[in-house]
Amino acid sequence: MMADMTPALSALLIWGAFGYLLGSIPFGMIVTRLFGLGNLREIGSGNIGTTNVLRTGSKPAAAATLLLDGGKGAAAVLITRCIAGDSAAQIAGLMAFVGHCYPIWLRFKGGKGVATFLGLMLALAWPVGIACCLTWLVTAIVSRISSMSALMAAASSTLWMLVLGRGEIFLLGVITTLLIFWRHRENISRIKAGTEPKIGKK
């Protein structure tokens, strides 16, 4: 039994490593450098994600970061699914998310994973991904707080999975949601205190 399982486990580990390395590419830092906006670590919160890139005042740079961070989550899933199937794709997608949050290149100090989370959800189950994106958008319009939107999108993901009949990715949804809440723990404290900055504030 162990001999039969070893190749499959090795393959999952390989695809997990692929997803992690892809997810750990710090596109926010790369984009701000290319746009001549300076060191993203020295801007705003110092985070490498879209919201902090927006604080540079460059909407094109923020849009590029959003697409690239979401794209790496989607690419990890789609490439892996095409070659190794759905189970490996879930592992690769999860590890791309982990790679964005804890990139080896930045001493494991990365972003909060929201764009990558939305990208992998769109690739794994597009109806769930669209529902999460709409949840983010509606919350952003109402609250004007990016972190609140992220938390609502993540928290609603498992509900959308059940409603839309995609229970096979429920565990992935639980893990990514918990990680997003953990990565946003300081934001949660500021939301409670009423000091969390609005979208677009430098």
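Check the entry above for the structure.
Residues numbered from 1 in each chain as written. Predicted model: local features only at pLDDT ≥ 70, side-chain atom pairs only at ≥ 80, totals over all residues. Heavy atoms only, no water.

**Q** Which residues make up helix α2 (residues 27–34), and what values do they have?
**A** For α2, every residue scored as buried is listed here: Phe-27, Gly-28, Met-29, Val-31 and Thr-32. Buried positions along α2 lie against α3 (50–54) and α4 (59–84). Trailing α2 by a residue or two, Gly-36 shows a phi angle of about 70 degrees, which is positive. (Buried < 20%, exposed > 50% of the residue type's maximum accessible area, 1.4 Å probe, protein only. Helix = DSSP H or I, 4+ residues; strand = E, 2+ residues; numbered from the N terminus. Contact = heavy atoms within 4.5 Å.)

**Q** An account of the layout of surface pockets is needed here, citing residue identities and associated values.
**A** Considering only enclosed or pocket space, the largest pocket measures out at about 1,200 Å³ in volume. What lines the largest pocket is a set of 50 residues, and nearest its centre among them are Asn-47, Gly-49, Thr-50, Thr-51 and Ser-146. Elements represented by at least two residues in the lining of the largest pocket include exactly α3, α4, α6 (114–124), α7 (126–143), α8 (146–163), α9 (170–183) and α10 (185–193). The biggest single contributor to the lining of the largest pocket is α4, with 7 residues. Taken together, the residues that form the lining of the largest pocket break down as 17 nonpolar, 20 polar and 13 charged. (1 Å grid on protein atoms, 1.4 Å probe; cavity = no way out; pocket = protein on both sides within 12 Å on 5 of 7 lines; lining within 4 Å. Points joined across faces, edges and corners; volume = space filled by probe spheres on them. Nonpolar A, V, L, I, M, F, W, Y, C, P; charged D, E, K, R; others polar.)

**Q** How would you summarise the state of the cysteines if you had to cite specific residues and measurements?
**A** Enumeration according to the criterion identifies 0 disulfides in this entry. Free of any disulfide, Cys-101 has its nearest cysteine sulfur in Cys-132, 15 Å distant. Look at Cys-101 and you get buried, because its relative accessible area is 1%. We note that Cys-133 lacks a disulfide partner, and the nearest cysteine sulfur, in Cys-132, lies 7.1 Å from it. Overall, the relative accessible area of 27% leaves Cys-133 in the partly exposed class. (Disulfide = S-S within 2.5 Å.)

**Q** Describe the environment of Leu-172, naming the residues involved and giving the relevant values.
**A** Checked against the element boundaries, Leu-172 lands in helix α9. In this structure the C-alpha to C-alpha distance between Leu-172 and Met-121, which are 51 residues apart in sequence, comes to 9.7 Å. Setting aside chain neighbours within four positions, we find Leu-172 in contact with Gln-90, Leu-94, Leu-120 and Leu-124.

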